[in-house]
Amino acid sequence: MRKLATISALAALALLSGCGQKTALKPLAKQTLPPAPYGAKSQPDADQLLTPDAQAAPKRSVELRERSEERQDDPFDLPPQ
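Residues numbered from 1 in each chain as written. Predicted model: local features only at pLDDT ≥ 70, side-chain atom pairs only at ≥ 80, totals over all residues. Heavy atoms only, no water.

Chemist: Mind showing me how you'd approach the overall build of the chain here?
Modeler: Of regular secondary structure, the chain possesses two helices and zero strands. For the chain, the C-alpha radius of gyration of 25 Å lies well beyond 12 Å, the compact-globule estimate for 81 residues. Each principal axis of the C-alpha atoms in the chain carries an extent, and together these give about 65 × 55 × 35 Å. Out of the 81 residues belonging to the chain, those deemed buried represent 2%. Side chains of the chain give 11 positive and 10 negative charges; the mean places of these two sets differ by 21 Å. (Helix = DSSP H or I, 4+ residues; strand = E, 2+ residues; numbered from the N terminus. Rg over C-alpha atoms; globule rule 2.2 N^0.38 Å. Buried < 20%, exposed > 50% of the residue type's maximum accessible area, 1.4 Å probe, protein only. Lys, Arg positive; Asp, Glu negative; His and termini not counted. Charge placed at Lys NZ, Arg CZ, Asp CG, Glu CD.)

This is how it looks when you write it as structure tokens:
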């Protein structure tokens, strides 16, 4: 029982040790980044590959309603046939 607690504590410390690293990402030895997308003028680096584009993470452009309001008539809300 004591051995299991020691092993789990060491595993938790090992997992937490990687949390504070803030170094630049680079490929492993003998590995390269993926090839450049078709039509791209240059190959993106690691930071560009990790940054999502606007379609993957759109910005919110709709204001939230703060009070209840009457809904407008929806012409597509038809009963089933």
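Chemist: Explain the environment of Asp77 to me, please; I cannot follow it from the model alone.
Modeler: Positionally, Asp77 belongs in the segment after helix 2 (46-50). Here the alpha-carbon distance between Asp77 and Ala54, two residues 23 residues apart in the chain, equals 31 Å.

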